Amino acid sequence: MSHPYASEAYAGGLDHIGVPFAVPEWGGHVLVRPTPCGTRKDAVGPYPLTVMTPDADVAAGLARLKAAGLVAAVLVLDDRLRPPMALLTGATATLRRFKSHHVHDRSLGPFAYGKHHRYEIRRARTRVSVAEITLADHLPDWERLYGQLTARHGLGGLHGFSSGHHAMLAGLPGVRTFAAFVEDRLVSAHLFVTHDGHAMSHLAASSAEGYQTGAAYAVNDLALDELSDCGVINFGGGAGTGDDPADGLVRFKKGFSNSLEPSYLFSAILDDDAYAALSAGHADTGFFPAYRGPRQQERSDEHQG
C-alpha cells in the first residue's frame, strides 16, 4: 500500500488547492491550479508534503507535467520520504532547503523531556483526560476546534480546509488522532498520518480552554506513547520559514523531539516563455513561482516641487 499522502483520495480532499493530477512516475499525485493571470495552469504538491517513491523517475514525471501544458511545478519534500538526492538533483529542476522539521527518532536511544516540558505535561495531566480517539466519532467537535484555530490566527488559503477534507481524513487509512477532554468537551486534538513506521503531524488545534489547561502537552505525550509502532514521528516545523528558535511553536515541538531534519523545496519551470511572461513585474525575492509572489513597487513619477 502506498503512503496516504500519495493517494487519489487524499489529493481529492484538497479541492481548495487544486484538482488531482496523477503522476505515476512518482507514485502519487499533484494538484493542478489556475495561474493568477491568464488561462494557464501550474502544479503544486499536496499539503503538507509530497511523497515520492524511492525509485521515482523524477525527470519523466516532470515531462508528464510539461506535456499537460503546465507552466511550473513546486513540491515540498521530506528528508525521509523522498528519492535519493542523485535522482532529484539530476532532474531539470531546483532543489533547495526549506524549513526544518522537529523529529522524534526512536533509533537515537532513550528520550527524556527537558524541565519545562516535564512540568507542563504533569500540569496538563491533572487538568485534562487524554485518549486516542476515532476521528469519525468526533468529527463535528474536531471541525469546531479547527475552526476556532483558523479564526484565532486568521488562517486561510492553504489552511482553509473544507469539511470534505476533514471527512476524508476520518476515512483515510493511517490517520490516528489523539485528544484531550475536560469532562466531555474536546479541548485539544492532534492528527497524525502514519505509514510503514513513520508518523507525520498533520493538523493540531486547541480551544481557549485547551490553551488554559496546557492540553497540547498531554496530547503529544500520549502520542509518543501510543505511536510505539512508529520509529519516526515528525512534528513538522514552525510557522512561516519555521526556523526561528524564539518562536513558541518551535520551542513546543523541539521539546518532543531529538532530531532536527531538513525539508526541501523542489521546483521546476516547465514553460520558460509563459513563466517569464507571468512573472513580469514581480519582485525577485526567491519565491517560487515568482508570479505568485510580491509585485515590484511601482516607481512614482511625481516630482517634488
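Residues numbered from 1 in each chain as written. Predicted model: local features only at pLDDT ≥ 70, side-chain atom pairs only at ≥ 80, totals over all residues. Heavy atoms only, no water.

Undergrad: What should I look at first to understand the layout of surface pockets in this one?
TA: Empty space left among the atoms is revealed by rolling a probe the size of a water molecule over them. Each pocket or cavity is described by its volume, and for the second largest pocket that value is around 260 Å³. Lining the second largest pocket are 15 residues, and of these His3, Val51, Met52, Pro54 and His195 sit closest to its centre. When grouped by side-chain class, the residues that make up the lining of the second largest pocket number six nonpolar, six polar and three charged. (1 Å grid on protein atoms, 1.4 Å probe; cavity = no way out; pocket = protein on both sides within 12 Å on 5 of 7 lines; lining within 4 Å. Points joined across faces, edges and corners; volume = space filled by probe spheres on them. Nonpolar A, V, L, I, M, F, W, Y, C, P; charged D, E, K, R; others polar.)

Undergrad: I would appreciate a short explanation of the packing of helix α4 (residues 115-125) against helix α8 (residues 215-226) in the present structure.
TA: Relative placement of two packed helices is described by the angle separating their axes and the distance separating the axes. Put simply, α4 and α8 touch, their axes get as near as 8 Å, and they point 100° apart. Taken together, the axes of α4 and α8 are roughly perpendicular relative to one another. Taken together, the residues of α8 that come into contact with α4 (itself represented by His116, His117, Glu120, Ile121, Ala124 and Arg125) are Ala215, Tyr217, Ala218, Asp221, Leu222 and Asp225. The residue inventory of the contact of α4 with α8, partitioned by class, reads six nonpolar, two polar and four charged. (Axes fitted to C-alpha atoms, helices over the stretch in contact; angles between N-to-C directions. Helix = DSSP H or I, 4+ residues; strand = E, 2+ residues; numbered from the N terminus. Parallel < 35°, antiparallel > 145°, perpendicular 65-115°, else oblique. Contact = heavy atoms within 4.5 Å.)

Undergrad: Looking at this model, I keep getting lost on the environment of Arg118. Mind explaining?
TA: Here Arg118 shows up in helix α4. Note on Arg118: relative accessible area 39%, which makes it partly exposed. Residues Arg118 and Gly255, spaced 137 residues apart in sequence, show a C-alpha to C-alpha distance of 9.4 Å. (Buried < 20%, exposed > 50% of the residue type's maximum accessible area, 1.4 Å probe, protein only.)

Undergrad: I tried to follow the pattern of salt bridges on my own but got confused; where do I start?
TA: Two side chains of opposite charge can pair, provided their charged atoms sit close to one another. Within this structure, the stated rule accounts for 14 salt bridges. For Arg144, the salt bridge goes to Asp141, with nearest N and O atoms at 2.1 Å. Taken together, the residues Arg144 and Asp141, both in helix α5 (residues 139-153) and three residues apart, mark about one turn of the helix. On the basis of relative accessible area, Asp141 is assigned to the partly exposed category, the value being 29%. Among the ionic pairs, Asp229 bridges to Arg176, the shortest N-O distance being 3.2 Å. Taken together, the residues span a long stretch of sequence, with Asp229 in the loop between α8 and β10 (232-234) and Arg176 in strand β7 (residues 175-182) at a distance of 53 residues. Residue classification places Asp229 among the exposed residues on the basis of a relative accessible area of 52%. For Arg176, a relative accessible area of 17% translates into the label buried. (Salt bridge = Lys/Arg side-chain N within 4 Å of Asp/Glu carboxyl O.)

Undergrad: Whenever I open this one, the side chain of Ser207 confuses me. Can you help?
TA: Residue placement: Ser207 occurs in the loop between β9 (198-206) and α7 (208-213). For Ser207, a relative accessible area of 10% translates into the label buried. Ser207 has contacts with Leu145, Gln148, Arg152 and Val187, leaving out every residue within four places of it along the chain.

Undergrad: Sorry if this is basic, but what is going on with the packing of aromatic side chains here?
TA: Each aromatic ring pair is described using two quantities: the centre-to-centre distance and the angle formed by the ring planes. Within the structure shown, the criterion is met by 14 aromatic pairs. An angle of 40° between the planes, with centres 5.9 Å apart, marks the rings of Phe235 and Phe256 as tilted. With Phe235 in the loop between β10 and α9 (248-254) and Phe256 in the loop between α9 and β11 (259-269), the pair connects residues that are 21 residues apart, well separated along the chain. Take Phe256: its relative accessible area is 0%, and that puts it in the buried class. Consider the rings of Phe252 and Phe256, whose centres lie 5.2 Å apart with planes at 70°: the pair is edge-to-face. For Phe252, a relative accessible area of 16% corresponds to the buried category. Ring-pair connections join several aromatic residues into one group, and the members of that group are Phe111, Tyr113, Phe178, Phe192, Tyr217, Phe235, Phe252 and Phe256. (Phe/Tyr/Trp six-rings, centres within 6.5 Å; stacked < 30°, edge-to-face > 60°.)

Undergrad: What am I meant to see in the environment of Gly171 here?
TA: By the element assignment, Gly171 lies in helix α6 (residues 163-171). For the pair Gly171 and Ala9, spaced 162 residues apart in sequence, the C-alpha to C-alpha distance is 9.6 Å.

Undergrad: Just to check I follow, could you spell out the environment of Trp142 for this structure?
TA: Following the sequence through the fold, Trp142 ends up in helix α5. You can call Trp142 buried: its relative accessible area is 1%. Expressed as a C-alpha distance, the spacing of Trp142 and His166, which sit 24 residues apart in the sequence, is 8.5 Å. Among all residues touching Trp142, those that are not within four sequence positions of it are Leu135, His166, Leu186, Ala189, Leu191, Leu203, Ala204 and Ala205.

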